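So the chains spell out like this:
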Amino acid sequence: MAATTARQTAAQRRRHIAVIPCRWGASRFPGKPLALLGDKPLLWHVHQRCLEAKRLDGAIVATDDERIEAACRKLGIDCIRTGEHLTGTDRVAEVADRLPADGYINVQGDEPFISPTAINDVSEALEFTPPGTFAVNAYTELVDVGAVLDHNVVKVVVTARSEALMFSRQPIPYPRGDRPKYLRQLGLYGFTGEALQHFRRLQQGPLERAEGVEMLRFVEHGHAVRMVPVLDDGVAVDTPEDLARAERLLDQH
């Protein structure tokens, strides 16, 4: 049975829905969500991957930009117009205020090849997460040295309890002794509505402001972020060069 998009009334409560936060003004690539990959905008590809995730009850784009909203309407993609926000997670929190669900899966609008299985894994982890855990965050092992050094790729250090210890755009941990295993944080998060409202109430801390990594907001305030290993070898489109690489990948599919 094909997944449907998140058309619902306030009386209907969904289990888990994907929210794809999209903004126009990315500093490295303005207008990125509507950049064409093949003959469709980037956000269309992400939305399709979300619809392929069997555990979700829908997928919706969240944006503050009328051009993105108009493109979604034309493509038949459900879209919510939000206010301006500091981060994508703040934008998802506004959606959670307006669309009732048991959980919200934040899927980045620049991951056209995100694995539907990885989305399912985060949904499942969110459903069975221990009390006191505020977010679920997917990660995968980094094997490419270039990606380890790339500041567009966020690295994470994970504790023995599978919780995030630190996120950074720098290669962490530093290889002073043994050669470490580097882990990439995917921009694939799961939250309850309650956790999202708490996120909005928290102040941005110095680490989040310095690194530009929103999950640090929970870490800095002492809240557990559960890390979930997934298999995903997709391409995050941060620059026009990444889009050209994604185009070559699309040709191979």
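The structure contained in this document is the topic of the report that follows. Quick caveat, the model's predicted, so the values are computed rather than measured.

## What to know about the packing of aromatic side chains
In this structure the tally under the stated criterion is 4 aromatic pairs. Their ring planes at 55° and their centres at 5.5 Å tell us that phenylalanine 134 and phenylalanine 218 sit as a pair that is tilted. Taken together, the positions of phenylalanine 134 in strand β7 (residues 133-141) and phenylalanine 218 in helix α8 (residues 216-220) put the pair 84 residues apart, joining distant regions of the chain. Ring centres 5.3 Å apart and planes at 70° place the aromatic pair phenylalanine 199 and phenylalanine 218 in the edge-to-face group. One end of the pair, phenylalanine 199, is in helix α6 (residues 193-201); the other, phenylalanine 218, is in helix α8, and 19 residues separate them in sequence. Exposure remark for phenylalanine 199: the relative accessible area of 0% places this residue in the buried category.

## Focus on the environment of tyrosine 182
Relative to the elements of secondary structure, tyrosine 182 occurs in the loop between β9 (164-168) and β10 (183-191). Tyrosine 182 sits 35 residues away from arginine 217 along the chain, and the two C-alpha atoms are 22 Å apart. When sequence neighbours within four positions are dropped, the list of residues in contact with tyrosine 182 reads Thr140, Glu141, Leu142, Val148, Pro171, Ile172, Pro173 and Pro175. Only 3.2 Å separates the side chain of tyrosine 182 from the backbone oxygen of proline 173, close enough to count as a polar contact.

## Overview of the pairing of β7
Among the 9 residues of β7, 7 are classified as buried, and the element is accordingly described as predominantly covered. As defined by bridge partners, β7 adjoins strand β11 (residues 224-229) across 6 bridges and the pair is classed as parallel. Within the sheet, the bridge partner assigned to asparagine 137 lies in β11 and is methionine 227.

## Focus: the layout of surface pockets
If you add up the space inside the largest pocket, you get close to 950 Å³. Taken together, 33 residues form the lining of the largest pocket, with Arg28, Gln108, Asp110, Arg169 and Glu214 sitting closest to its centre. Of all the elements, β10 adds the most residues to the lining of the largest pocket, at 5 residues. Taken together, the residues of the lining of the largest pocket break down into 11 nonpolar, 11 polar and 11 charged. The space that makes up the second largest pocket amounts to roughly 440 Å³. Together, 20 residues line the second largest pocket, and Leu142, Ala147, Arg184, Gly234 and Arg245 are the ones closest to its centre. Counting only elements with at least two residues in the lining of the second largest pocket, the list comes to β7, α5 (145-149) and α9 (240-252). In terms of residue count, α9 provides more of the lining of the second largest pocket than any other element does, 3 residues in total.

## Comments concerning unusual backbone geometry
Cis geometry is adopted by the peptide bond preceding proline 173, which originates at isoleucine 172 and carries an omega value of 0°. Topologically, proline 173 is positioned in the loop between β9 and β10. Despite not being glycine, serine 162 has its phi angle at roughly 60°, a positive value. Relative to the elements of secondary structure, serine 162 occurs in the loop between β8 (155-158) and β9. A residue is classified by how much of its surface remains accessible, and serine 162, at 32% relative accessible area, is partly exposed.

Thresholds, definitions, all that
Residues numbered from 1 in each chain as written. Predicted model: local features only at pLDDT ≥ 70, side-chain atom pairs only at ≥ 80, totals over all residues. Heavy atoms only, no water. Phe/Tyr/Trp six-rings, centres within 6.5 Å; stacked < 30°, edge-to-face > 60°. Helix = DSSP H or I, 4+ residues; strand = E, 2+ residues; numbered from the N terminus. Buried < 20%, exposed > 50% of the residue type's maximum accessible area, 1.4 Å probe, protein only. Contact = heavy atoms within 4.5 Å. Polar contact = N/O pair within 3.5 Å; in protein donor to acceptor, adjacent residues only side chain to side chain. Pairing = 2+ DSSP bridges. 1 Å grid on protein atoms, 1.4 Å probe; cavity = no way out; pocket = protein on both sides within 12 Å on 5 of 7 lines; lining within 4 Å. Points joined across faces, edges and corners; volume = space filled by probe spheres on them. Nonpolar A, V, L, I, M, F, W, Y, C, P; charged D, E, K, R; others polar.

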